[in-house]
Amino acid sequence: MVSRRDFFMGAGALAVGAGVVSRVGAASLPEAASAANATTQPPPSPPNGRPFNPVVTLNGWSLPWRMNNNVKEFHLVAEPVVREIAPGMKANLWGYNGQSPGPTIEVVEGDRVRIFVTNRLPEETSIHWHGQRLPNGMDGVTGLTQAAIPVGKTYVYEFVAQHAGTFMYHPHADEMVQMAMGMMGFWVTHPKSPAVQQVDRDYVMLLNAYDIDPGSFTPKVNTMLDFNLWTINSRAFPGIAPMMARKGDRVRIRVGNLTMTNHPLHIHGHAFEVAGTDGGWIPKAARWPEVTVDIGVGQMRAMEFIADAPGDWAFHCHKSHHTMGPMGHQVPTMLGVDQKDLAKKINKLVPDYMAMGENGMESMSSMHMPLPDNTLPMMDGKGPFGPIGMGGMLTVLKVRDGLARNDYRDPGWYQHPKGSVAYEWDGAMPAAPAAPSSGAMQPGVEFNVRKPQSHSH
Ligand SMILES: [Cu+2]
């Protein structure tokens, strides 16, 4: 049997015993970089190791490493973090190195990787390297393949990144709680040659979901399915950064789903090909065009397309309640119900009460009701033409002529060419036939409706 000590014999000066880094060894731990805010950090070129084209993590960053005798060493710190979900709302989450999701880890196929994981959570944890092929004892399943990482301790994972692709990391310890609190991160293994599968812009995002009651800061960790915040990299629109592309760029969007439901992701103005899955790259001849791809729980997809249409294009989950902010769902449909008199009576008891919904909920995006502190409205984005009627799991693909290769700054709203925007008809309005009002009975027609009482007649 190979002991952990034998396994780490090649680790140079590192003193590693029984998987726990000793006090002596701690002096040589790689520095644990930390991010203080949720601003997208355009990727620097790799300072050492084999070259690759780095990815861009929306509202996130990639973890620096150090080379130690040809081993790429990273240091992840599992810890409580405060994440801004969008301006106006912060959440107490658990994550890694200051943020949730944790930093993206980028390596090259064939790299030997050593990851130090320090547990600063109030309970034990582990990390599973989702999608990797690695020695069984590095797979991160508490109890099954390793002992849990106790509070305050540091464990070491080490394996070779065997194949290029799109992966994730997350705990397999007190899983429902730790995932509900935001413990997850992205992992990209780049191909050996940067010329293989090369794109001009490579975006990564994790889909996540939280259940945070209006006015509170901490997710409810026992929620199974009925989450109320649908986020990309733990940010809700308009807090989610846009994706920039120069017209003609080949763009890749890599998505991992660590929520408890599927998300049909939909792109506007373009068609993409699904180029990669959790299992690897799809041969070119087997790819087919799509404008929506359903991403199941625990799945990853890499979509590729040529950004050939200038504009501001929505990229969003097609479940309409996933492009909304926090809301109660136990409200009756009020379309067509005259609530004026009722509202007056209720106002005597509840001064802030507002009757809503008789003409749809669209007015929600233009009016601002008093909300509890630290609560996002259902829809909050402001566009060049007014309020944007979506929120949640939505971002904007901004395609522009002549952007510089490494320019990830928001270019502002698209300037539409004259005559290319939908406009109001101001010509003659002839009387158009209309369907009869659903509320009015036709005179002379009698309805005789009887509720069945039993099956005997
Ligand atoms: Cu969704």
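## Quick word on the sheet that holds strand β7 (residues 105-108)
Then, number 1: Read from one edge of the open sheet, four strands run β7-β12-β11-β9, paired in mixed fashion. This sheet does not close on itself; its edge strands, each paired only once, are β7 and β9 (128-130). Each neighbouring strand pair of the sheet contributes to a mean axis angle of 25°, computed without reference to strand direction.
Then, number 2: Pairing between strand β11 (residues 165-170) and strand β12 (residues 185-190): five bridges, direction antiparallel. Paired with Met168 across the bridge in β12 is Phe186.

## Side note on the pairing of strand β16 (residues 250-257)
Regular strands place side chains that alternate from one sheet face to the opposite one.
Then, number 1: The buried count for β16 comes to seven of eight residues, which makes it a mostly enclosed element.
Then, number 2: Two strands pair when backbone bridges link them, and strand β13 (residues 201-210) and β16 are joined in this way by seven bridges, in the parallel orientation. The residue of β16 that forms the bridge with Tyr203 is Ile253.
Then, number 3: One ladder, built from seven bridges, connects β16 with strand β22 (residues 300-306); its direction is antiparallel. Following the sheet pairing, Arg252 is matched in β22 by Glu304.

## Comments concerning the environment of Phe272
Then, number 1: Relative to the helices and strands, Phe272 resides in strand β18 (residues 272-277).
Then, number 2: Looking at Phe272, the number of C-beta atoms within 10 Å reads 23, which means it is buried.
Then, number 3: In this view, Phe272 contacts Ile267, Glu290, Met303, Glu304 and Phe305; residues no more than four positions away in its chain are not counted.

## Notes on the pairing of strand β26 (residues 394-400)
Then, number 1: Of all seven residues in β26, six are buried, a share of seventy percent or more.
Then, number 2: In this structure, strand β15 (residues 243-246) lies alongside β26, joined through four bridges in parallel fashion. Bridge pairing links Met243 to Leu397 in β26.
Then, number 3: Of the strand pairs in this sheet, strand β23 (residues 311-317) and β26 are connected by six bridges, and their pairing is antiparallel. Its bridge partner being in β26, Gly311 is matched across the sheet by Val399.

## Observations regarding the environment of Gly389
Then, number 1: Along the chain, the position of Gly389 falls in the loop between β25 (386-387) and β26.
Then, number 2: The spacing of Gly389 and Met324 is 65 residues in sequence and 8.6 Å in space, taken between C-alpha atoms.

## Here's the deal with the sheet that holds β15
Then, number 1: Spatial strand order, β15-β26-β23-β17-β21: five strands in an open sheet with mixed pairing. Strands with a single pairing partner mark the edges of an open sheet, and in this sheet they are β15 and β21 (292-295). Neighbour to neighbour, the strand axes of the sheet diverge by 20° on average, direction disregarded.

Cut-offs used in this document
- All residue numbers here refer to positions counted from 1 along the written sequence of the relevant chain.
- The predicted nature of this model means local features are confined to residues of pLDDT at least 70 and side-chain atom pairs, given and counted, to a pLDDT of 80 or more, with totals for whole chains, interfaces and linings taken over all residues.
- Pairing between strands is defined by DSSP: at least two bridges between the two strands are required.
- Helix and strand assignments follow DSSP, with helices taken as H or I runs no shorter than four residues and strands as E runs no shorter than two, numbered in order from the N terminus.
- Lines fitted to the C-alpha atoms define the axes, with helices restricted to the stretch that makes contact. Angles between their N-to-C directions range from 0 to 180 degrees.
- In this scheme the burial state of a residue depends on its C-beta neighbours within 10 Å: 20 or more other such atoms mean buried, 12 or fewer mean exposed, and anything in between means partly exposed; the C-beta positions come from the backbone.
- Contact criterion: two residues are in contact if their C-beta atoms, reconstructed from the backbone, are within 7 Å.

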